[in-house]
Amino acid sequence: MSNKTDKPEYKASNIQVLEGLEAVRKRPSMYIGDTGTRGLHHLINEVVDNSIDEALAGYCDKIDITIHEDGTISIVDNGRGIPVDIHPKEGMSAVELVLTKLHAGGKFDKDSYKVSGGLHGVGVSCVNALASHFSVEVHRDGDVYIMAFEKGVTTQPLEKVGTTDITGTKIIFKPDPEIFTQTTEFKFEVIADRMRELAFLNPQITITITDERDNGEENGEKLHVEYHYEGGVKDFVKFLDENRDPIMPDPIYIGGEAEGVPVEVALQYNQSYTENVHSFVNNINTHEGGTHISGFRRALTRALRGFADKNKLIKGKINVTGEDFREGLTTVVSIKVAEPQFEGQTKTKLGNSEVQSAVEGVVYEKLSEYFEQNPKVGKAVIDKVMKAAEAREAARKARQLVQRKSAMAGGGLPGKLADCSINDPSHSEIYLVEGDSAGGSAKSGRNRSFQAILPLRGKILNVEKSHNNKILENNEIKAILTALGLGVDLDENSDLSNLRYHKIIIMTDADVDGSHIRTLLLTLFYRKMLPLIAGGHVYIATPPLYKVTQGKKMEYAWDDDARDQILARMKKESTKKVDVSRYKGLGEMNPDQLWETTMDPETRTLQQVTIESAAAADRLFTVLMGDTVEPRREFIERNSKYANLDI
Ligand code: 0RA
């Protein structure tokens, strides 16, 4: 290591570094969203985004991510390497600038598309600030350079350490446990979901992930994946629809550019009843849609109406709406916008008005051409659209009937709901509980002022496989809708102003049946009431699996590891007999136990359901709820022990 004191210029810059990055360490959530699992994984995305920028500029086609045994992450790319020359104005090397100044990343490279980037797009310097150790190795112009930091402070100034015949950047960092107090453990699946998505969206790139940690495999095998998709967004649609039955031979691919906006779309109709759109602007998932999506929808409706009119395919008086054209449609839209404006609650809605006509133009032209050349596919699609229109009409009638009936019944709440007494939704919670006996324990154990209980008895319909009219006939779903105050406007439930509880907590047994019911409920929320999930209102309760007793001492364990630890400790402390019993269901717990382990806000752990990766969630639901039995069984067997939350 070189001697810091003989390089005074670094002393000066260190002070500035401290000023800039200290702010990030003081208020990390302002920069990376939160300091939980999501923020932790954001660190990786932030670094990878820079490599993706290199790829978009045409200089990089390989990114390798490794999770090392001690939880350190390394990310290697074969881009140009971060520039090392001294920045004339700032008086420090470009690499130091990029790693120690907020937002310094894009200053150099105005001409290329500096367009990728996470939700926050805060730059690698934030990763540096929030890492206990951070180092970089740059291969550029035949030389190898290194530099290192701790908590954003330089510990190894930039130094040339050798020669090389490749170019690229290697970044190694360890998240600082002082910042990430909840956890510093990276989840392979969370990283994989995002990297797979990036590989679909950027077909020129190959991304690998290697997990060197012990993952419990008996043969010591390590997790390793490689993502590369020649077919890009078209492969993405195939992947999303892997467990659905398509009604066309291959997804339709549309590529073009209008008004300086490169547009890529792939779409495929399948036998399901749900619309499934995944849209991206500069590789960022626009969960809330926006102008690109409205442009796409207009183009789809216009192209299909045009085709149907020309071939006289719409018969009778039935009124076909835009929604009918999208039933059972899986779409991926990926566009690049130089200066995107993100709006909406979660800043994932594209606002640029010029984009609508650009997307509409490209899609309308190419789609009309496609149906002209593939009339058989076009006819099959219109056939499906007509069925959707008929079903929607039937659903409307069913809805009127339900509304009239509930109006006659005084619009009352479901009979089995044990409501809470306060009237303030923001402080109220509702537990959706499996079965009457658990419902009974929950009712006696709860704090009735703010906790409501809705026991679920009958079968909850799989909304993945049903039209809205059938869904509205299902008693359990009706009870849930009325209890929540959402009315019966499925798909239009984006208005949460009448929501009666801001926490909706799913509480099921920790067995295969319980996980099935939980999945049915999550499918209902995800497919028909997405704003509930997007708004962070849906939670999963985590009851303990074991009770460990020794004489008068008693402790709960939430998994096998915890049980074994408690057992070992108790045996060390005393020779008295230790008894372990497994809770087979919530109903076995007495009300006090249920309260203190699972319902008391002071002591319980609720797991919030989020849509970190909508594509992964979508796949999960098709696997769990679709027709293909084998992947479902595999999945449930693998995951029944744990609640799967990162949907
Ligand atoms: C600043 C300017 C240029 C590239 C980069 C930063 C860069 C950053 C990272 C982070 C990880 N990998 C990276 N690769 C590149 C432009 C380079 C040029 O003009 O030669």
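Keep in mind that what you see is a predicted model, and the values were worked out from it rather than measured.

Rules of the game
- Residues numbered from 1 in each chain as written.
- Predicted model: local features only at pLDDT ≥ 70, side-chain atom pairs only at ≥ 80, totals over all residues.
- Heavy atoms only, no water.
- Helix = DSSP H or I, 4+ residues; strand = E, 2+ residues; numbered from the N terminus.
- Contact = heavy atoms within 4.5 Å.
- Areas by Shrake-Rupley, 256 points an atom, 1.4 Å probe, with all protein chains shown as cover.
- Core = buried A, V, L, I, M, F, W, Y, C linked by side-chain atoms within 4.5 Å.
- Buried < 20%, exposed > 50% of the residue type's maximum accessible area, 1.4 Å probe, protein only.
- Expected span 1.5 Å × (residues − 1).
- Phe/Tyr/Trp six-rings, centres within 6.5 Å; stacked < 30°, edge-to-face > 60°.
- Lys NZ or Arg CZ within 6 Å of the ring centre and 35° of its normal.
- Salt bridge = Lys/Arg side-chain N within 4 Å of Asp/Glu carboxyl O.
- Pairing = 2+ DSSP bridges.
- Axes fitted to C-alpha atoms, helices over the stretch in contact; angles between N-to-C directions.
- Parallel < 35°, antiparallel > 145°, perpendicular 65-115°, else oblique.
- Nonpolar A, V, L, I, M, F, W, Y, C, P; charged D, E, K, R; others polar.
- Patch = residues over 30% accessible without salt bridge, like charges linked within 9 Å, V, L, I, M, F, W, Y side chains within 5 Å.
- Lys, Arg positive; Asp, Glu negative; His and termini not counted.
- Charge placed at Lys NZ, Arg CZ, Asp CG, Glu CD.
- Polar contact = N/O pair within 3.5 Å; in protein donor to acceptor, adjacent residues only side chain to side chain.
- Left-handed = near helix turned anticlockwise from the far one by under 90°.
- pLDDT = per-residue confidence, 0-100.

Across its full length, the protein carries 19 helices and 25 strands. Expressed as a percentage of contacts within the protein between residues at least 6 apart in sequence, the contacts between residues at least 24 apart total 70%. Per element, the accessible surface of the protein, about 29400 Å² overall, is 48% carbon and sulfur.

The next thing to look at is the nonpolar core. Counting residues in hydrophobic clusters, the biggest one holds 63 residues, and the most contacted among them are I44, I65, F134, F173 and M195. Counting residues per element, this core draws most heavily on helix α6 (residues 188-201), at eight residues. Those residues within four positions of F134 in sequence are excluded, and the remaining contacts are L99, V124, V127, N128, M147, A148, F149, I171, I172 and F173. Of all hydrophobic cores here, the second largest spans 40 residues; its members include V261, V265, V333 and A389.

Counting along an α-helix, one turn takes 3.6 residues, and residues three or four places apart therefore face a common direction. Over its 14 residues, α6 runs 20 Å from end to end, which matches the ideal 20 Å to within 8%, given 1.5 Å per residue. Within α6, 13 of the 14 residues are buried, leaving the element largely enclosed by the surrounding structure.

Moving on: the packing of aromatic side chains. A full pass over the atoms with the stated rule returns ten aromatic pairs. On the numbers, 5.9 Å between centres and 35° between planes, the contact of F236 with F280 is tilted. Separated by 44 residues along the polypeptide, F236 in helix α7 (residues 232-240) and F280 in strand β13 (residues 276-281) bring together distant segments of the chain. Between Y370 and F371, the ring centres sit 5.6 Å apart and the planes meet at 80°, which makes this aromatic pair edge-to-face. For the residue pair Y370 and F371, the accessibility class agrees, reading buried in each case. These aromatic residues form a ring-pair network of at least three members: F200, Y227, Y229, F236, F239 and F280. The side chain of R563 reaches across the aromatic face of Y546, ending 4.7 Å from its centre.

Applying the stated criterion across every chain yields a total of 29 salt bridges. Ionic pairing is found between R80 and E54, a salt bridge with its closest N-O pair at 2.8 Å. With R80 in the loop between β2 (73-77) and β3 (86-87) and E54 in helix α3 (residues 37-56), this pair connects stretches of sequence that are 26 residues apart. Looking at R80, the relative accessible area reads 25%, which means it is partly exposed. Here E54 falls in the buried class, since its relative accessible area comes to 14%.

Once that is clear, we can look at the sheet that holds strand β22 (residues 546-550). As summarised here, the arrangement of the three strands in space is β23-β22-β24, forming an open sheet in which the pairing is antiparallel. Either end of the sheet is taken by a strand with one partner, and the two such strands are β23 (553-557) and β24 (578-582). Mean inter-strand twist for the sheet, computed between neighbouring axes without regard to direction, equals 20°. Pairing analysis gives five bridges linking β22 to β24, with the strands arranged antiparallel. Residue pairing across strands places V548 opposite V580, the latter belonging to β24. Of the strands in this sheet, β22, β23 and β24 are in contact with helix α16 (residues 560-573), which crosses β23 at around 160°.

As a further point, take the pairing of strand β21 (residues 538-541). By the alternation rule, side chains of β21 split into V538 and I540 and Y539 and A541, which are all buried. By the bridge criterion, three bridges tie strand β20 (residues 503-507) to β21 in an arrangement that is parallel. In the strand pairing of β21, I504 is matched with V538. Pairing between β21 and strand β25 (residues 606-608): three bridges, direction antiparallel. If you follow Y539 over to β25, its bridge partner there is Q608.

At their nearest, the axes of helix α11 (residues 436-445) and helix α17 (residues 591-599) sit 8 Å apart, and the two run at 80° to each other. Here α17 runs roughly perpendicular to α11, going by the angle between their axes. Counted together, A438, S441, A442, S444 and G445 of α11 and P591, L594, W595 and M599 of α17 form the full contact between these two elements. Its residues placed into classes, the contact of α11 with α17 shows six nonpolar, three polar and no charged.

This part takes up the sheet that holds strand β12 (residues 261-269). If you walk across this open sheet you meet the five strands as β11-β12-β15-β13-β14, and the pairing is mixed. If you trace the sheet from one side to the other, it starts and ends with β11 (252-258) and β14 (284-285), each paired once. Two elements, β13 and β14, share two bridges in a ladder whose sense is antiparallel. Residue pairing in the sheet places F280 in a bridge with N285 of β14.

The next point concerns a negative patch on the surface. A grouping of E69, D70, E212 and D214 is seen on the molecular surface, where their side chains present a negatively charged patch. By the secondary structure assignment, E212 is in the loop between β9 (206-211) and β10 (223-227). On the basis of relative accessible area, E212 is assigned to the partly exposed category, the value being 33%.

Our focus in this paragraph is helix α13 (residues 475-484). In terms of residue burial, α13 counts as a mostly covered element, since seven of its ten residues are buried. Buried within α13 we find E476, I477, A479, I480, L481, A483 and L484. Taken together, the buried residues of α13 touch β18 (429-434), β19 (451-456), α12 (468-471), β20, α14 (512-528) and α15 (530-534). The N-terminus of α13 is capped by N474, whose side-chain oxygen sits 3.3 Å from the backbone nitrogen of E476.

The next point concerns the packing of helix α8 (residues 291-310) against helix α9 (residues 353-373). Across the interface, α8 lies against α9 with an axial gap of 7 Å and an inter-helix angle of 30°. By the criterion of interaxial angle, the relationship of α8 to α9 is roughly parallel. The chirality of how α8 crosses α9 is right-handed. Residue classes in the contact of α8 with α9 are distributed as twelve nonpolar, seven polar and five charged.

This brings us to the confidence of the model for the protein. With 87% of its residues at a pLDDT of 70 or more, the protein shows a mean pLDDT of 86. A low-confidence stretch, residues 1-18 stays under pLDDT 50, and its non-local contacts, those more than four residues away or across chains, total 24 contacts. Residue range residues 639-647 is modelled with pLDDT below 50. Its contacts to residues more than four positions away, or to other chains, number 26 contacts.

Within the element layout of this structure, D176 appears in the loop between β8 (168-175) and α6. A relative accessible area of 2% places D176 in the buried class. In this structure the side chain of D176 is engaged in a polar contact, spanning 2.9 Å, whose partner is the side chain of R25. Once residues lying within four places of it in the same chain are set aside, the contact partners of D176 are R25, L130, A131, S132, K151 and T184.

Turning our eyes to something else, we now look at the side chain of T72. As for its position among the elements, T72 is in the loop between β1 (62-67) and β2. Note on T72: relative accessible area 12%, which makes it buried.

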